[in-house]
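# A structural walkthrough
The lines below spell out each chain.
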Amino acid sequence: MLTPEDIILVPRGAEHSSIRRGLRNIGDLAPQIIPINLGAPEFLDSSPVSRQSLEFLNKFTGKIVIMGLAGSLSDRYRIGDGVIYQGCGTEKGDYWQCEPEITAEIAQLTGYSLVKGLTSDRLISRSEEKRRLGQGGYEVVDMEGARILAALPGQKVAIVRVISDEVTQDLPDLAPAIDNQGQLLPLPLARQMLIRPVPAFHLIQGSLKGLSVLTQVARKLCGSNF
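Residues numbered from 1 in each chain as written. Predicted model: local features only at pLDDT ≥ 70, side-chain atom pairs only at ≥ 80, totals over all residues. Heavy atoms only, no water.

### Considering the overall build of the protein chain
Within the protein chain, the regular secondary structure consists of 7 helices and 8 strands. By the compact-globule yardstick of 17 Å for 226 residues, the protein chain fits well, its C-alpha radius of gyration being 17 Å. Expressed as lengths along the three principal axes of its C-alpha atoms, the size of the protein chain is roughly 45 × 40 × 35 Å. Expressed as a percentage of its 226 residues, the buried residues of the protein chain come to 52%. Only carbon and sulfur atoms are counted for the fraction: they give 52% of the accessible area of the protein chain, which is about 10,700 Å². (Helix = DSSP H or I, 4+ residues; strand = E, 2+ residues; numbered from the N terminus. Rg over C-alpha atoms; globule rule 2.2 N^0.38 Å. Buried < 20%, exposed > 50% of the residue type's maximum accessible area, 1.4 Å probe, protein only. Areas by Shrake-Rupley, 256 points an atom, 1.4 Å probe, with all protein chains shown as cover.)

Dropping the structure here:
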């Protein structure tokens, strides 16, 4: 389905590595894989580099698929479940639709459920907050989707996510470990994990399973049997 004329946007770090690992055996047949920072701050930044990147993406004629992990806001979706966004909104009430034809094509290929996604400006770490956000009709939460859709109006964008934490699970508060450029800071990250070891275990366990599924779905989207 995806070809070298298409693009995958994925948060840098473990998610980016999982996608690259999934596609390394197809070489030149793989789509372009572009890493973005956590929360996609570059899609809001007015720096010359960001302006050049946005100009390129807004003129791009192929498919653009956002991939990565996400949190569940519903009892329906469990760790390792793949989902496809119909659209993505914000807590302020803004909402953007994903490109329907590509979305339908991915749904048919993967069998994943179509969901309504929410983009937050922070990592949602408490179960009670996940429940509250889910009451607004949103089923999955990420930190990039709506920002990218807003920055690329009229482009053929789809969003595929894999659940890495459930609505019932608390996570460590990682806000102190993320800088304003969306980069994870190793020492603050380790500190936050040590403060809350049980939620940290949930985060690690869910992430590992989610990343494994992310690798598999990347292969499927590119028609790889390796």
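### Focus: the side chain of Glu129
Note that Glu129 resides in helix H4 (residues 127–134). In this structure Glu129 comes out as buried when scored by relative accessible area, which is 19%. Setting aside residues no more than four positions away along its own chain, Glu129 makes contact with Arg122 and Ile124. (Contact = heavy atoms within 4.5 Å.)

### Thoughts on the nonpolar core
Proteins that are soluble and globular tend to have nonpolar side chains buried together. Leu9, Phe43, Ile64, Tyr85, Ile148 and Leu152 are the most contacted members of the largest nonpolar core, which has 26 residues in total. Secondary-structure elements contributing two or more residues to this core are strand E1 (7–11), helix H2 (48–59), strand E3 (64–72), strand E4 (82–89), helix H5 (145–151) and strand E8 (157–165). For this core, the leading source of residues is H5, giving 4 residues. Judged by nonpolar contacts, the second largest core, of 25 residues, contains Ile19, Val65, Ile102 and Val213. (Core = buried A, V, L, I, M, F, W, Y, C linked by side-chain atoms within 4.5 Å.)

### Focus: the packing of aromatic side chains
With the rule as written, the count across this model stands at 1 aromatic pair. When the ring centre of Tyr138 is taken as reference, the NZ or CZ atom of Lys116 above it lies at 4.8 Å. (Phe/Tyr/Trp six-rings, centres within 6.5 Å; stacked < 30°, edge-to-face > 60°. Lys NZ or Arg CZ within 6 Å of the ring centre and 35° of its normal.)

### Thoughts on the environment of Ala177
With respect to the element layout, Ala177 can be found in the loop between E8 and helix H6 (186–195). In this structure the C-alpha to C-alpha distance between Ala177 and Tyr95, which are 82 residues apart in sequence, comes to 28 Å.

### Here we look at the pattern of salt bridges
On inspection of all chains with the given rule, the structure shows 12 salt bridges. The partner of Arg78 in a salt bridge is Glu166, and the shortest N-O contact between them spans 3.0 Å. Linking Arg78 in the loop between E3 and E4 with Glu166 in the loop between E8 and H6, this pair joins segments that are 88 residues apart in sequence. Between Glu129 and Arg122 there is a salt bridge, with its nearest N and O atoms 2.2 Å apart. A relative accessible area of 29% means that Arg122 is categorised as partly exposed. In the salt-bridge network here, residues are joined through shared partners; they are Glu91, Asp121, Arg122, Glu129 and Arg132. (Salt bridge = Lys/Arg side-chain N within 4 Å of Asp/Glu carboxyl O.)

### Focus: H4
Considered for burial, the residues of H4 that qualify are Ser127, Glu129, Lys130 and Leu133. Viewed end-on, H4 has its buried residues packed into an arc of 160°, placing them on one side of the element. Turning to H4, the residues buried within the fold contact E3, strand E6 (113–119) and E8. (Arc of directions from axis to C-beta.)

### Points about the pairing of E4
Where burial is concerned, most of E4 is hidden: 7 out of the 8 residues are buried. In this structure, E4 lies alongside E8, joined through 3 bridges in antiparallel fashion. Bridge assignment links Ile84 to a residue of E8, and that residue is Val160. In terms of strand pairing, E4 meets strand E5 (residues 95–97) through 3 bridges, oriented antiparallel. (Pairing = 2+ DSSP bridges.)

### A look at the side chain of Thr90
Summarising the element assignment, Thr90 is placed in the loop between E4 and E5. Thr90 gets classed as buried once you look at its relative accessible area, which sits at 17%. Setting aside anything within four residues of it in sequence, one finds Thr90 in contact with Trp96, Leu118, Thr119, Tyr138 and Ala146.

### Let's talk about helix H3 (residues 100–110)
Among the residues of H3, those classed as buried are Ile102, Thr103, Ile106, Ala107 and Thr110. The arc that holds every buried residue of H3, seen down its axis, measures 135°, which confines them to one face. When the buried face of H3 is taken as reference, the exposed residues oriented beyond 90 degrees from it are Pro100, Glu101 and Gln108. Packing partners of the buried residues in H3 comprise E3, E4, E6, E8 and helix H7 (197–221).

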